[in-house]
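# What the coordinates show
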Amino acid sequence: MTVSGPSAPKPRPVAPGASAAEQLRKEGNELFKCGDYEGALTAYTQALGLGATPQDQAILHRNRAACHLKLEDYDKAETEASKAIEKDGGDVKALYRRSQALEKLGRLDQAVLDLQRCVSLEPKNKVFQEALRNIGGQIQEKVRYMSSTDAKVEQMFQILLDPQEKGTEKKQKASQNLVVLAREDAGAEKIFRSNGVQLLQRLLDTGEADLMLAALRTLVGICSEHQSRTVATLSVLGTRRVVSILGVENQAVSLAACHLLQVIFDALKEGVKKGFRGKEGAIIVDPARELKVLISNLLELLTEVGVSGQGRDNALTLLIKAVPRKSLKDPNNSLTLWVIDQGLKKILEVGGSVREPPGELAVTANSRMSASVLLSKLFDDLKCDAERENFHRLCENYIKSWFEGQGLAGKLRAIQTVSCLLQGPCEAGNRALELSGVMESVMALCASEQEEEQLVAVEALIHAAGKAKRASFITANGVSLLKDLYKRSEKDSIRIRALVGLCKLGSAGGTDFSMKQFAEGSTLKLAKQCRKWLCNDQIDAGTRRWAVEGLAYLTFDADVKEEFVEDEAALKALFQLSRSEERSVLFAVASALVNCTNSYDCEEPDPKMVELAKYAKQHVPEQHPKDKPAFVRARVKKLLEAGVVSAMTCMVKTESPVLTSACRELLSRVFLALVDEVEDRGTVVAQGGGKIYEVVRPLVSLLHLNCSGLQNFEALMALTNLAGISERLRQKILKEKAVPMIEGYMFEEHEMIRRAATECMCNLAMSKEVQDLFEAKGNDRLKLLVLYSGEEDELLRRAAAGGLAMLTSMRPSLCSRVPQVTTHWLEILQALLLSPNQELQHRGVVVALNMVEASKEIAGTLMESEVLEILSVLAKGKESPVRRAAAACLGKAVDYGLIKANRDGE
């Protein structure tokens, strides 16, 4: 029994032919005038696809350049203007727009050439003359700045390389000045041309942390968004040399090297996209080759002995960011395939590392999880069964190579590798579990007397228990073993993991109250023990993390949720652990919070299907009595009192591969549940909830057409709540360019999506920018709200009428346009005033009051209709906001002289 989610909207078809292209161009021009640059861009793009003439193509590319300028995407603006100039070399507007883009990109010498050509084509144009003067002044200033920095750069390097200045304040100031200078493109260029890279290499060779940090941060400025300087820097320093800095013990230096390498990756990838053209237009060596050399060195670093655990984590983070495709729409996944062939075994070696034996790789608490995330992203980036089969084959061969003929140490490494896969690409993990002897070895090693062997085996058993194929086998064969370990082991590290295994198996029924695996009260006992370990700060964070894992499973049970939110000490310990260096706990914390707030997906079964299932004696899921809305609201209050918002704020700011998109989605769900009640929103903001604006971007990404209808709907609901909290969050939503997408969903056929989009738009209408969009001429936004105020869907009517009431109040000029948008406006307003729903009635009377106050002419129209009689009746009702607003309408009409008060003054 499932409820189908709403489907994604389909783009409107446009009739082919020259007339259609012309119509789209005009439509784009109107959208541009209204400030809807994204919409205009779409219209121009569609027009280009309809076979426009070369002259029309030049105009359309020129117009697209104007849109990109407004959207501050100067690279694309330059590209579009260049295309227009290719079609029509004398297009002065395109030349001027390209000069504007080049100026913003810092390429002043090229911008001058375009402006000079504009002036030669139109010598009397004052705009072109003024622009040429301004850019000439900028060039002179740049020359002066460059010449004035000559001596400064030389002096800074002299101080930094002087052994007599070691540790002095003068040296520290010089390093800071060098970093600041490199942040400006002119300064970075000056350092680069002053033999700066060689001098920075000498700073790196000193081995002094402060000097290395200054050198790395200066190199970031030199390489940022500049492919030619980046490749030159790599050729001087050596790719291997730069990557090796990641592995140093000093964490600050390793992080700075990670930042530099990220900048280098970005510059090289941009070079691949642009056909090897650098920022200054220089032809450079193939950046795709340099990219592979860099990635190859990172893969080598993963398995080098002597590399710090922090450096290994940073290398994994860079690979996660740089290798998989950013979008599945990009057909090229060749880099992923190359990394799998060249480095999959190296990644598996990190993921399968064990702690104790000497000579093993140094890893942190987060290394294995980072390896799992990278493996998962690589697997998800594969496009066909053949590619996935190759991935499986490589993983299985690696595991077999350790499992067969390598003794007990080899078996431990093989089992650890299986655990890594189960936490990442679980399909590969499941297949690895089915290899001959693996599961039997796991079960056997759980009974080992050696703690390290037990830890590896029990963790593998826990990860395997969550996989559907193995859960029933482990429930039958592993429960007694885990219970025995829990009761008899003297080591907390073993007991806590055994407990988590029991928790995982005990939650197999999820939220289905009728599918409890253990006897009544068992889950409460398990949860109590998990909370006890969680609160014990004498236990290391890596072990306490497993207590959170257990609670993440047990909180499917509403009894456990109720006890958990009442335990202030446990909540405090949970939030403190979420802020610790133990990043692998984040997903478990987010899962436990989702369970406590019931913000997981929960489909309402069709009552008819339920009856049919009962008749057929099929299982019907049951909701726990304590999962009813009143209990959920009470739990949300408890979490807010305990400071959940500040904890979540810290979590979303984490720079770690462990904070995956899935983890961010869970946090977004919790945040949505926290702001569900209007009276709680002030508390959320007061606790720093405004800082959670980082969740806006992932929510907006769920509005794209390639997401499911259900994802679209949930994102719209979340954004509606965020838009109702503060202007800062509304501005963040606007900055993410969500408005055009939200408007598109207001036309969606599915009523739930249409309603959610309308509610979201009405909350956004509190912002001046959105009000400007409604007030702009030549758009149908106001018409849509008026028409929706007369729809049969009561919730849609309420949202639209609320937005209409707000807009006519904040922008009185819109009142005079309401009668113009549709001939049915008066009929719709009367229906609102006569509605039995008090909220709809109140919205209608507020709209009427706004219109009466805005214009005597509109007031006259209303007083000549049945609205006068309706308002007279409402003004005589019980004391309420509706009565007061109706009386105010009539009072204003009396002031205008349109009607007269009766003898009683009414």
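What counts as what
- Residues numbered from 1 in each chain as written.
- Predicted model: local features only at pLDDT ≥ 70, side-chain atom pairs only at ≥ 80, totals over all residues.
- Heavy atoms only, no water.
- Helix = DSSP H or I, 4+ residues; strand = E, 2+ residues; numbered from the N terminus.
- Buried < 20%, exposed > 50% of the residue type's maximum accessible area, 1.4 Å probe, protein only.
- Contact = heavy atoms within 4.5 Å.
- Areas by Shrake-Rupley, 256 points an atom, 1.4 Å probe, with all protein chains shown as cover.
- Phe/Tyr/Trp six-rings, centres within 6.5 Å; stacked < 30°, edge-to-face > 60°.
- 1 Å grid on protein atoms, 1.4 Å probe; cavity = no way out; pocket = protein on both sides within 12 Å on 5 of 7 lines; lining within 4 Å.
- Points joined across faces, edges and corners; volume = space filled by probe spheres on them.
- Nonpolar A, V, L, I, M, F, W, Y, C, P; charged D, E, K, R; others polar.
- Polar contact = N/O pair within 3.5 Å; in protein donor to acceptor, adjacent residues only side chain to side chain.
- Core = buried A, V, L, I, M, F, W, Y, C linked by side-chain atoms within 4.5 Å.
- Axes fitted to C-alpha atoms, helices over the stretch in contact; angles between N-to-C directions.
- Parallel < 35°, antiparallel > 145°, perpendicular 65-115°, else oblique.
- Left-handed = near helix turned anticlockwise from the far one by under 90°.
- Salt bridge = Lys/Arg side-chain N within 4 Å of Asp/Glu carboxyl O.
- Expected span 1.5 Å × (residues − 1).
- pLDDT = per-residue confidence, 0-100.

We now examine the overall build of the protein chain. When helices and strands are counted, the protein chain shows 50 helices and zero strands. Burial analysis of the protein chain (906 residues in total) assigns 53% to the buried set. Once local pairs closer than 6 in sequence are excluded, the contacts in the protein chain between residues at least 24 apart make up 69%. Surface exposure of the protein chain reaches about 42,300 Å², of which carbon and sulfur atoms provide 51%.

Right, let's talk about the packing of aromatic side chains for a bit. Applying the stated criterion across every chain, the model contains three aromatic pairs. Both rings, one in F379 and one in F391, keep their centres 5.1 Å apart while their planes meet at 65°; by these two values the pair is edge-to-face. With a gap of twelve residues between them, F379 in helix α18 (residues 367-380) and F391 in helix α19 (residues 385-403) connect regions that are remote in the sequence. On the basis of relative accessibility, which here comes to 8%, the residue F379 falls in the buried class. Overall, F391 belongs to the buried group, its relative accessible area being 0%.

The next thing to look at is the layout of surface pockets. Approximately 600 Å³ is the volume found for the second largest pocket. Lining the second largest pocket are 20 residues; nearest its centre among them are G35, Y37, L71, L734 and K737. Those elements giving two or more residues to the lining of the second largest pocket turn out to be α2 (37-48), α39 (727-735), α40 (739-745) and α42 (768-775). A per-element tally of the lining of the second largest pocket places α42 first, with four residues. Broken down by class, the residue content of the lining of the second largest pocket amounts to eight nonpolar, two polar and ten charged.

Residue position: T233 is located in helix α12 (residues 227-237). In terms of polar contacts, T233 uses its side chain to reach the backbone carbonyl oxygen of R229, at 2.7 Å. Excluding its chain neighbours within four sequence positions, the residues that come into contact with T233 are F192, V197, L219, I222, C223 and G238.

Membership of the largest hydrophobic core comes to 239 residues, with the highest contact counts inside it found for I295 and L862. Among the elements that make up this core, the one with the highest residue count is helix α14 (residues 251-273) (ten residues). With nine residues, the next largest nonpolar core counts A21, A40, L41 and Y44 among its residues.

The next subject is the packing of helix α27 (residues 522-535) against helix α28 (residues 541-554). Running from N to C, α27 and α28 point in directions that differ by 150°, and their axes come no closer than 8 Å. Taken together, the axis directions place α27 and α28 in an arrangement best described as roughly antiparallel. Crossing of α27 against α28: the hand is left-handed. In this structure, α27 uses T523, L526, A527, C530, R531, W533 and L534 to contact α28, whose residues at the interface are R544, A547, V548, G550, L551 and L554.

All right, on to the pattern of salt bridges then. Working definition: two side chains of opposite charge can pair if their charged atoms are close together. A full pass over the atoms with the stated rule returns 38 salt bridges. Across the salt bridge formed by K76 and D73, the nearest N and O atoms sit 3.8 Å from each other. The class of K76 is partly exposed, set by a relative accessible area of 45%. For D559, the salt bridge identified is with K626, shortest N-O distance 3.1 Å. Residue D559 is located in helix α29 (residues 558-566), and its partner K626 is located in the loop between α32 (607-615) and α33 (629-642); the two are separated by 67 residues in the primary sequence. For D559, a relative accessible area of 15% translates into the label buried. Linked by salt bridges that have partners in common, K768, D772, E775 and R811 make up one network.

Turning to helix α3 (residues 54-70), a few remarks are in order. Side chains that are three or four residues apart share a direction in an α-helix, a result of its 3.6 residues per turn. Across its 17 residues, α3 extends 25 Å between first and last C-alpha, which sits within 8% of the 24 Å expected from 1.5 Å per residue. Burial within α3 is extensive, with 13 of its 17 residues counted as buried. Immediately beyond the C-terminal end of α3, within one or two residues, lies E72, with a positive phi of roughly 65°.

Moving on to the environment of L178. Residue position: L178 is located in helix α8 (residues 169-183). Residue L178 is classed as buried on the basis of its relative accessible area, which comes to 0%. C-alpha separation for the pair L178 and G221, spaced 43 residues apart in sequence, amounts to 9.9 Å. For L178, the residues in contact, after removing those within four places along its chain, are M156, F157, L160, I191, L200 and T218.

So, on to the environment of S767. Following the sequence through the fold, S767 ends up in the loop between α41 (751-764) and α42. A sequence separation of 44 residues divides S767 from A723, and the C-alpha atoms of the two residues are 9.4 Å apart. Contact partners of S767, with chain neighbours within four places excluded, come to E727, R730, Q731 and L734.

The predicted model of the protein chain has a mean per-residue pLDDT of 81, with 85% of residues at 70 or higher. Of the regions scoring below 50 in pLDDT, residues 1-18 engages in 36 contacts with residues more than four places distant in sequence or in other chains. Low pLDDT (under 50) marks residues 276-284, which in the prediction has 25 contacts with non-local residues, meaning those over four places away or in another chain.

Once that is clear, we can look at the side chain of Q416. Residue position: Q416 is located in helix α20 (residues 407-423). Q416 sits in the buried class, given a relative accessible area of 5%. Residues in contact with Q416, not counting those within four places in the same chain, are G351, G352, S353, V354, R368, V456 and E459.

Our next topic: the packing of helix α46 (residues 825-833) against helix α49 (residues 867-875). Relative to each other, α46 and α49 sit at 15°, their axes nearing to 10 Å. Between α46 and α49, the crossing angle belongs to the class labelled roughly parallel. Considering the relative orientation of α46 and α49, their crossing is left-handed. Where α46 approaches α49, its residues L826, Q830 and L833 are matched on the opposing element by V867, I870 and L874.

Turning to its location among the elements, L299 is positioned in helix α15 (residues 287-302). A C-alpha to C-alpha distance of 8.5 Å links L299 and L319, two positions 20 residues apart in sequence. Filtering out sequence-adjacent residues up to four positions away, L299 remains in contact with L319, V339, Q342, G343, K346 and I347.

The subject of this paragraph is unusual backbone geometry. Not every positive phi belongs to a glycine, and E72 is a case in point at roughly 65°. Relative to the elements of secondary structure, E72 occurs in the loop between α3 and α4 (74-87). For K737, which is not glycine, the phi dihedral falls at a positive 60°. Tracing the backbone shows K737 in the loop between α39 and α40. Given a relative accessible area of 35%, K737 falls into the partly exposed group.

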